[in-house]
Amino acid sequence: MLAEMPFYRPVGNECILFEITYRQRLPLLIKGPTGCGKTRFISHMAARLGRSLHTVSCHDDLTAADLTGRYLLKGGETVWMDGPLTRAVREGGICYLDEVVEARKDVTVVLHPLTDDRRILPLERTGEILQAPDEFMLVVSYNPGYQNILKSLKPSTRQRFVSISFDFPPAETEIEIIAAESGLPVKQCIPLVNLAKRLRELKEIDLEEVVSTRLLVYCAILMKSGLDPFQAAETALVEPLCDDVEVKQGLLELVRATY
Ligand code: ADP
């Protein structure tokens, strides 16, 4: 199993926190910007704990039935198909709902009885009430950065989760991560992370999101495959973040100062 464990470089004591939360059968909320390592962390922890992982990227059409399951027609017969949440509960796996605030309201209703000491999943359509085994864990994440007030988690839902805040790793750690993920030598990752720091600090430019660790890894992969560093940074760090020509020029000036 070790060979399949996704690489994750801890930033603080998040691995220990996750493990305690899992052992105590508590649900976990992870907050943090896009591309800072939340998904990688959860897949690493699932492998480490030997649990199956059922990931759902939430969106505004996602309903409770998408999580719990539905009856489908198969060869003239109606058969019940478990959704990912139900599968995780039955198997004693980890269910990870990414960007949970995007999901429709009825989803939270399904989650509530799983997040208190009852740990049950009632399946209205089949009449079953599933008792979650000790090995089942519910993990949800959201990005507080770009949520508007209407789309943040209701306090009554938030209060049901133990929460950890994630952010982009400190420079030293981010350099290590980028080098490990891309194979680019550390001495070339250092200026890249310095550039990211400057791009992230830009206050006068109104960007919805800043350069993520994920984009830095992409940039390093492009550099490693021989692309000119300026072009790599333009393609991986500037273009994905904005469409406005003037804003792009501003960002490119910073890139040019490095490469
Ligand atoms: P999120 O789920 O927060 O949007 P991801 O977990 O998908 O972000 O992270 C994006 C990428 O960044 C990963 O695929 C991985 O390459 C890299 N990454 C970020 N943080 C770490 C870390 N601590 N250890 C290893 N890789 C990381």
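Residues numbered from 1 in each chain as written. Predicted model: local features only at pLDDT ≥ 70, side-chain atom pairs only at ≥ 80, totals over all residues. Heavy atoms only, no water.

Visitor: Just to check I follow, could you spell out the overall build of the protein for this structure?
Guide: Counting its secondary structure elements, the protein contains 11 helices and nine strands. With respect to the principal axes defined by its C-alpha atoms, the protein has extents near 65 × 40 × 40 Å. Looking at the protein as a whole, 46% of its 259 residues are labelled buried. Residue pairs in contact within the protein that sit at least 24 positions apart in sequence constitute 71% of those at least 6 positions apart. Carbon and sulfur atoms provide 52% of the accessible area of the protein, an area that totals close to 13500 Å². (Helix = DSSP H or I, 4+ residues; strand = E, 2+ residues; numbered from the N terminus. Buried < 20%, exposed > 50% of the residue type's maximum accessible area, 1.4 Å probe, protein only. Contact = heavy atoms within 4.5 Å. Areas by Shrake-Rupley, 256 points an atom, 1.4 Å probe, with all protein chains shown as cover.)

Visitor: Please explain the pattern of salt bridges as it appears in this structure.
Guide: The final tally for this structure, using the stated rule, is 12 salt bridges. The partner of E176 in a salt bridge is R9, with the nearest N and O atoms 2.5 Å apart. You can see E176 sitting in helix 7 (residues 171-182) and its partner R9 sitting in the segment before helix 1 (14-23), a full 167 residues away along the chain. Here E176 falls in the partly exposed class, since its relative accessible area comes to 39%. Take R9: its relative accessible area is 25%, and that puts it in the partly exposed class. The salt bridge involving D134 is made with R25; its shortest N-O contact spans 3.8 Å. With D134 in the loop between strand 7 (128-131) and strand 8 (137-142) and R25 in the loop between helix 1 and strand 1 (28-31), the pair connects residues that are 109 residues apart, well separated along the chain. According to the relative accessible area criterion, D134 is partly exposed, its value standing at 46%. (Salt bridge = Lys/Arg side-chain N within 4 Å of Asp/Glu carboxyl O.)

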